Amino acid sequence: MYRSVLLLSAAVLALAPSVSAQDQAPEPGAPVEEDATNRLGTVTITAQKREQSLQDVGISVTAYTGEQLNDANLSDSNDLARLVPGLNIGLPTGAGNQPAIFLRGIGLNDFATNNLGPVGVYVDDLFISSPGAQVMQVFDLARVEVLKGPQGTLYGRNTTGGAIKFVTARPTDTVEAGLTGQYAEFGTTKVTGFLSGPISSDVRGRVAFEKNDSDGYITNRFDGSDAGGTDNLSFRGLLDVDFSDNFSGEFGFYGSVVDQPGPRYRSQGALSPLDAATPCDTSAIIANDCVNVLGFQNPDGFYAVDQNTPAYLDADSYAAQAKLSWDFDGFSITSITGYQSLDKVFLEDSDSSPANILTVQYGVDSEDISEEIQIAGGEDRLNWLLGGFYSNSTLDQDQRLDLYKDFRPLIESVDPQSFPGGFDPSGAAIGVPALDYRTVNSLETTVYALFGQADYEFTDQWRGTIGLRYTKEDRDFTQAASFDEDALGSIPLFDFSDEQSDEEVSWKLGLDYLPYDGGLIYASVANGFKGGGYNGGFLFEVSEQKPYDPETVTAYELGVKTDLADGLARLNAAVFYNDYSDMQIFTVVSGGGPIAFSVLDNAADAVTQGAEFELTALPAEGLNLSLGLAYLDTEIKDYQTDSGADFSGNALVQAPEWSANGMARYERPLFGSLLYSAQVDFSYQDKVYFTSDNSEPLSQDAYWLWNAQIGVESETGRWHAALFAKNIGGEEYYAHGFDLVDTIGANQLMLGAPSQIGIELGIRY
């Protein structure tokens, strides 16, 4: 924490030049010259449920406009991590699947869909209730806002780690349209389009879509095919209606269809090649000198695999939202009604080898309805909001696990009567268990909440914030596990049912000081809450189904926001300290079944602390520079697993000590009516661990990613063309990893994307 304080001190010192120049600065409250071409403009956000300048909000928010997101050329929402200090996104089941989102070290790497992470994801005002639908294409957006720390006194669904808000571009008063196409290496194509405009004098509409296809950058040597490709379509339709002078509606329909090959993982053997039984040392595992339980060693070549299972991912998700607003004298009433559904089937080659050792299929079917009512008002120095929230979610999982299928003929030959069809869950015949396991579970979650927040300006320079929230979450869970054998039918293992109810009162206190126009110093303390739940993974005994408890956090933050150099630069900085109780930790333990199983458990205590900086500058006409830097220190204070392992003192998962991002973009007239642009951006991530035991083989050392693009466009913006390159230099890195050593003698490693060159063409009307 000492280093964090030093970093913040440097940021505060940066205020001094502006303070000494107050005689040239406008008085507090005077309008800012936003239309000057050599000044940084105002970034408008709605993090506090009303339109405000980013620099006038006493919370830590990173925001990007839709134009900036287009310039960054993101592949999907997971790419946001390279733009936001303190944000890290892992891929626990590979690209295209549900993400593991971490903010300031707070996140969840559970691959079970029935466990929500502590970082919420919103599209407009709709909370995305299923983790399986939280990865999305980034297209036709007005902006993205990343809010850090507990969110609850202004939001219907509370989160302890933060929130990511994707704000769509709304329908326009005039007809606008655009179409952009990309082609890149690995047979990658992307087509994005939109059409917007008035339908009548009181109705405006907008439709947008994005289609992605790719052959993939992984070579499967089993059959010579390309792997890791994409085939997805995302679309949305929006409607804005003015029913009367004081009554309006915003309606949206959102959809995504994914039908593509499943991701391929790299097998990291952990056993000696001499006997496929003796554990390897750490250096040999990392060097790919070891094998799995059947003696398989992953092929050389970072993007090479050898796998036989025809993996696939099919996922259809849909959502609808209706936002109705009534404006009255001094206050407004807003109703937000939402509906969501997800239907997903995912088959993976879990052993990542050419043998049938472990194959897993995940099936998910979920629905969610929600209603939020907000009453907000403001008069003189007071702004306030009161709200109520209700949601009901049902999520059904149907999951299958096929273990050591290739050994069934041999097992059956030992004794066909004792082991019909090669079924041997205990491994009695040849020492290897063979089984076909199925677990079906259902979770119904009902959430009730009352919340409110008020901001009061004591003077022109001082204002305070107070917020309060009551949350009640009811969960009804059932689970059935069985062996599903062709020769024997279904053999029940256990049935489990339980109900859980959690209640919590959480709060927020904040104080802002505005020493001069364009400067803000803020301090806050907030209490956050995340409900408990049930483990929805592969369990073989009812005793292994141990529900986990709620987690709570008290978050302290001190920050500064200031414009520098007469509006040519902007610095935002913050230090934070998060104290967690009963923090929910995902880990692998050994139980009574034939394989190790993954559970979500509670650590007694954990701490995350650090500092973040964001600097934007216009050093010369046409040149825009930005730099982000984050320092993070995390520690599990007290946690012993049921297997007896002690993780106390370990770092949290996906929590780099240092991370950074930066961008330099230069735009100037070329000749005639042409403009050209050149951009270079980078991201840096320090070492991270993928598991709570801080295993060295399941970690990723520090690495840099560099991207660049050059382009030309017409002066009117009617057309543009660009050449881009991603991951210049071809950095090879892992995006996530899982421990399967106790089951198959190897780990799973998810591969980050390689270097890629492509072109883009676009037209706009």
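Residues numbered from 1 in each chain as written. Predicted model: local features only at pLDDT ≥ 70, side-chain atom pairs only at ≥ 80, totals over all residues. Heavy atoms only, no water.

With mixed pairing, the 3 strands of this open sheet are ordered in space as E14-E13-E18. Single-partner strands in this sheet number two, and they are strand E14 (225–227) and strand E18 (304–305). As judged from the 3 bridges shared by strand E13 (residues 218–220) and E14, these two strands associate in the antiparallel manner. Bridge pairing in E14 places Thr 219 opposite Asp 226. (Pairing = 2+ DSSP bridges. Helix = DSSP H or I, 4+ residues; strand = E, 2+ residues; numbered from the N terminus.)

Before going further, it helps to spend a moment on the state of the cysteines. Evaluation of the coordinates by the stated rule reveals 1 disulfide. There is a disulfide in this structure between Cys 280 and Cys 290, and the S-S distance comes to 2.2 Å. Sign of the S-S torsion, about -120 degrees for the bond between Cys 280 and Cys 290, identifies this disulfide as left-handed. Pair noted here: Cys 280 is in the loop between strand E17 (266–269) and helix H4 (282–286) and Cys 290 is in the loop between H4 and E18, with a separation of 10 residues, a long-range link. Take Cys 280 and Cys 290: they sit in the same class, and that class is buried. (Disulfide = S-S within 2.5 Å. Buried < 20%, exposed > 50% of the residue type's maximum accessible area, 1.4 Å probe, protein only.)

For Gln 709, the position within the fold is in strand E35 (residues 703–714). From its side chain, Gln 709 meets the backbone oxygen of Asp 71 in a polar contact 3.1 Å long. Setting aside anything within four residues of it in sequence, one finds Gln 709 in contact with Asp 71, Asn 73, Arg 665, Ser 677, Ala 678, Gln 679, Leu 723 and Phe 724. (Polar contact = N/O pair within 3.5 Å; in protein donor to acceptor, adjacent residues only side chain to side chain. Contact = heavy atoms within 4.5 Å.)

As a further point, take a negative patch on the surface. A cluster of like negative charges, contributed by Asp 343, Asp 365, Glu 367 and Asp 396, occupies part of the molecular surface. Note on placement: Asp 396 falls in strand E22 (residues 382–403). With a relative accessible area of 36%, Asp 396 lands in the partly exposed category. (Patch = residues over 30% accessible without salt bridge, like charges linked within 9 Å, V, L, I, M, F, W, Y side chains within 5 Å. Areas by Shrake-Rupley, 256 points an atom, 1.4 Å probe, with all protein chains shown as cover. Salt bridge = Lys/Arg side-chain N within 4 Å of Asp/Glu carboxyl O. Lys, Arg positive; Asp, Glu negative; His and termini not counted. Charge placed at Lys NZ, Arg CZ, Asp CG, Glu CD.)

On to the pattern of salt bridges, then. For the coordinates displayed, the defined rule picks out 34 salt bridges. Note that Asp 173 is salt-bridged to Arg 204, the shortest N-O span being 3.7 Å. A residue pair is termed long-range when its members are at least 10 positions apart, and Asp 173 in the loop between strand E9 (162–168) and strand E10 (176–184) and Arg 204 in strand E12 (residues 203–214) qualify at 31 residues. Classification of Asp 173 as exposed rests on a relative accessible area of 62%. Taking relative accessible area as the criterion, Arg 204 reaches 12% and is therefore assigned buried. Residues Glu 667 and Arg 665 are paired through a salt bridge, measuring 2.9 Å at the closest nitrogen-oxygen approach. When its relative accessible area of 35% is taken as the criterion, Glu 667 is described as partly exposed. Arg 665 sits in the buried class, given a relative accessible area of 9%. Three or more residues are tied together by salt bridges with common partners; here these are Arg 104, Lys 148, Glu 557 and Glu 612.

Across the sheet, 5 strands lie side by side as E3-E8-E9-E6-E7; this open sheet has mixed pairing. Both outer strands of the open sheet, strand E3 (61–65) and strand E7 (126–127), are each paired with one neighbouring strand and no more. Of the pairings in the sheet, the one linking E3 to strand E8 (residues 141–148) comprises 5 bridges and is antiparallel in character. Each bridged residue has a counterpart across the sheet, and for Thr 65 the counterpart in E8 is Arg 143.

This part takes up the pairing of strand E4 (residues 87–90). Residues Leu 87 and Ile 89 of E4 are buried on one face, and the alternating residues Asn 88 and Gly 90, pointing to the opposite face, are buried as well. Pairing of E4 with strand E5 (residues 100–103) involves 4 bridges; the strand directions are antiparallel. Looking at the pairing, Gly 90 lines up with Ala 100 of E5.

The next subject is the side chain of Arg 206. As for its position among the elements, Arg 206 is in strand E12. Within the structure, the side chain of Arg 206 is placed 3.1 Å from the backbone oxygen of Arg 170, a separation counted as a polar contact. Ignoring any residue separated from it by four or fewer positions in sequence, one finds Arg 206 in contact with Asp 140, Ala 169, Arg 170, Pro 171, Thr 172, Phe 194, Leu 195, Ser 196, Arg 236, Gly 237 and Leu 238.

This part takes up the nonpolar core. Of all hydrophobic cores here, the largest spans 44 residues; its most connected members are Leu 358, Leu 401, Leu 403, Tyr 404, Leu 435 and Tyr 437. Residues Leu 74, Val 84, Leu 87 and Val 119 belong to the second largest nonpolar core, which totals 27 residues. (Core = buried A, V, L, I, M, F, W, Y, C linked by side-chain atoms within 4.5 Å.)

The next point concerns the pairing of strand E27 (residues 551–564). In terms of burial, E27 is largely enclosed, as 11 of its 14 residues are buried. Pairing between strand E26 (residues 519–530) and E27: 12 bridges, direction antiparallel. Paired with Gly 528 across the bridge in E27 is Val 553.

On to a nonpolar patch on the surface. Together, Leu 450, Ile 466, Leu 468, Tyr 470, Val 505, Trp 507 and Leu 509 make up an exposed nonpolar region whose accessible area comes to about 650 Å². When contributions to the nonpolar patch are tallied by element, the ones reaching two or more residues are strand E24 (462–485) and strand E25 (489–513). Among the secondary structure elements, Tyr 470 is positioned in strand E24. Tyr 470 gets classed as partly exposed once you look at its relative accessible area, which sits at 30%.

Turning our attention to the confidence of the model for the protein. Regions with low pLDDT carry predicted coordinates that are not meant to be interpreted in detail. Across the protein, the average pLDDT comes to 90, with 94% of residues at 70 or higher. Low pLDDT, under 50, characterises residues 1–36; the predicted model gives this stretch 46 contacts beyond four residues in sequence or across chains. (pLDDT = per-residue confidence, 0-100.)

A ring pair, where both rings are aromatic, is described by two values, the distance of the centres and the angle of the planes. With the rule as written, the count across this model stands at 36 aromatic pairs. Grouped by ring-pair contacts, the aromatic residues Phe 346, Tyr 362, Phe 423, Tyr 437, Phe 483, Phe 538 and Phe 540 constitute a single cluster. When the ring centre of Phe 576 is taken as origin, the NZ or CZ atom of Arg 104, which lies over that ring, is 4.2 Å away. The ring of Phe 139 carries Arg 236 above its face, with NZ or CZ at 4.2 Å from the centroid. (Phe/Tyr/Trp six-rings, centres within 6.5 Å; stacked < 30°, edge-to-face > 60°. Lys NZ or Arg CZ within 6 Å of the ring centre and 35° of its normal.)

Inspection of the secondary structure puts Ile 101 in strand E5. Spatially, the C-alpha atom of Ile 101 lies 6.2 Å from that of Asn 88, the residues being 13 residues apart in sequence. Ignoring any residue separated from it by four or fewer positions in sequence, one finds Ile 101 in contact with Leu 87, Asn 88, Ile 89, Ile 106, Gly 107, Leu 108, Val 119, Val 121, Gln 134 and Ile 164.

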